[in-house]
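Okay, here's what each chain looks like letter by letter:
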Amino acid sequence: MTRRFVEALAQQTGASSVKAVYADAGISAMLTHQWGDKTFAVDSLNARCPVSPEDELVVICCPDPFAAEECQRTVRQVAEQDEAAGGVERPVVLFNQRLSSGDVGIGLNARRLRETFLKRFNVTYSLRPVGEVGTVFRRYPGLWMVFVEEPDLPGRYRMVKEQPSRPAGEALDEIIMQALDPAAAAAAAGDGQPQQKGLLDSIGSTMAS
């Protein structure tokens with residue numbers, strides 16, 4: 001999937017020199033060997049300088065929390081190269097990034113990363129499940145949309161909310177609860193008490209990123 005994305009992006013943007021940067025040097029070496037006919041260069045975040053001024057488009061592929069520092073360093077290197085050349089800033093794409101994933105217990109560091117580094121990027125496409133009851137979707141330049149599964153039609157979803165900002169945390173819980181059980185959501189709001197978590201237990205961990 002990564003290869004198809006990088007090649008399609010290169011074709012659509014017209015970039016002739018594209019660099020796909022992976023978090024792990026082993027994966028980078030393996031893909032370089034397997035994709036002998038690829039039309040783009042491959043490197044790893046572990047390299048001292050994985051990008052060069054000749055790279056017109058840089059795609060950082062599947063970075064996880066453990067590669068956060070290297071990912072930020074690589075983005076800085078691109079910016080420094082552009083500043084030194086006095087040219088236009090080159091685009092950097094994070095593909096399937098999990099830098100602030102709630103699956104990894106890095107706590108405060110993940111929140112700081114989200115508030116600083118990741119806010120510099122525009123989310124162009126995102127499809128994130130909400131437990132087993134719904135999903136949050138966005139395709140740039142559209143709005144963020146929340147879908148819940150139809151109880152009587154497994155596999156079918158209906159949109160229950162659309163908004164400019166990404167829904168997460170308690171706000172997302174409220175949207176899901178309102179869609180699944182409006183009476184319970186209204187009762188909780190009327191009492192001025194925190195909503196009961198029984199209904200939301202099926203959601204599990206919603207979206208930490």
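Up top is the structure these notes are about.
Note that the structure is predicted; figures quoted are calculated from it, not measured.

### Comments concerning the overall build of the protein chain
When its secondary structure is counted, the protein chain shows 6 helices and 8 strands. If you list the helices and strands of the protein chain from N to C, you get α-β-α-β-β-α-β-α-β-β-β-β-α-α. With 209 residues in all, the protein chain has 37% of them scored as buried. Long-range contacts, defined as pairs at least 24 residues apart, comprise 51% of the intrachain contacts of the protein chain with a sequence gap of at least 6. Summed over its atoms, the accessible surface of the protein chain is roughly 12,500 Å², and 50% of this surface lies on carbon and sulfur atoms.

### Here's the deal with the sheet that holds strand β6 (residues 134-139)
Pairing is antiparallel in the open sheet, where 4 strands are placed in the order β5-β6-β7-β8. Each of the sheet's edge strands pairs with one partner strand only, and the pair in question is β5 (125-130) and β8 (157-163). Adjacent strand axes in the sheet meet at a mean angle of 20° when their direction is disregarded. Across 4 bridges, the pairing between β6 and strand β7 (residues 144-149) is antiparallel.

### Some details on the packing of aromatic side chains
Counted under the stated rule, the structure contains 4 aromatic pairs. Their ring planes at 80° and their centres at 5.5 Å tell us that Y125 and F137 sit as a pair that is edge-to-face. Linking Y125 in strand β5 with F137 in strand β6, this pair joins segments that are 12 residues apart in sequence.

### Concerning unusual backbone geometry
Peptide bonds are mostly trans, and most non-glycine residues show a negative phi. In this chain, Y140 is followed by P141 through a cis amide linkage whose omega measures 5°. In this structure, P141 sits in the loop between β6 and β7. Phi is positive for C62, which is not a glycine, with a value near 55°. Secondary-structure assignment places C62 in the loop between β3 (57-61) and α3 (68-85). The phi dihedral of N96 is positive, around 55°, even though this residue is not glycine. Following the sequence through the fold, N96 ends up in the loop between β4 (92-95) and α4 (108-115). For N96, a relative accessible area of 42% gives the class partly exposed.

### Overview of the pairing of β7
The turn joining β6 and β7, which pair antiparallel and follow one another in sequence, is formed by 4 residues. Of the strand pairs in this sheet, β7 and β8 are connected by 6 bridges, and their pairing is antiparallel. Paired with E149 across the bridge in β8 is Y157.

### Regarding the environment of Y157
Within the secondary structure layout, Y157 lies in strand β8. When its relative accessible area of 42% is taken as the criterion, Y157 is described as partly exposed. Separated by 10 residues in sequence, Y157 and F147 have C-alpha atoms that sit 5.9 Å apart. Leave out the neighbours within four places in its chain, and Y157 touches V133, G134, F147, V148, E149 and E150.

### Considerations on the sheet that holds β3
Reading across from one edge, β2-β1-β3-β4 is the order of the 4 strands in this open sheet, with parallel pairing throughout. Edge positions in the open sheet fall to β2 (41-44) and β4, since each of these has one partner strand only. Put simply, the sheet's adjacent strands are angled 25° from each other on average, direction ignored. Pairing of strand β1 (residues 18-22) with β2 involves 4 bridges; the strand directions are parallel.

### Some points on α3
Between its first and last C-alpha, α3 extends 26 Å over 18 residues, near the 26 Å set by a 1.5 Å rise per residue. Within α3 the residues assigned to the buried category are A68, C71, T74, V75, Q77, V78, Q81 and D82. Immediately downstream of α3, the backbone of G86 shows phi near 70°, a positive value.

So, how was this worked out
In this convention, every chain numbers its residues from 1, walking through the sequence in written order. Totals for whole chains, interfaces and linings use all residues, but because this is a predicted model, local features are given only for residues with pLDDT of at least 70 and pairs of side-chain atoms are given and counted only at 80 or more. Heavy atoms throughout the structure, all of them, feed into the side-chain values; hydrogens and water do not. Numbering of helices and strands runs from the N terminus, with a helix taken as a DSSP run of H or I at least four residues long and a strand as a DSSP run of E at least two residues long. Remark: exposure states derive from per-residue accessible area (1.4 Å probe, protein chains only) relative to the maximum for the residue type, with buried under 20%, exposed over 50%, and partly exposed in between. Whether two residues touch is decided by their heavy atoms; if any such pair falls within 4.5 Å, the residues are in contact. In this description, accessible areas are obtained by the Shrake-Rupley approach with a 1.4 Å probe, and a residue is regarded as covered only by the protein chains that are shown. Two strands qualify as a pair provided that DSSP identifies no fewer than 2 bridges between them. In this analysis, axes come from line fits to C-alpha atoms, helices being fitted only over the stretch in contact, and the angle between any two N-to-C directions falls in the range 0 to 180 degrees. Here a Phe, Tyr or Trp ring, Trp counted by its six-membered ring, pairs with any other such ring whose centre lies within 6.5 Å, and the pair is stacked when the planes are under 30 degrees apart, edge-to-face when over 60, and tilted otherwise. Here the expected length of a helix is defined as 1.5 Å per residue gap, with one fewer gap than residues.

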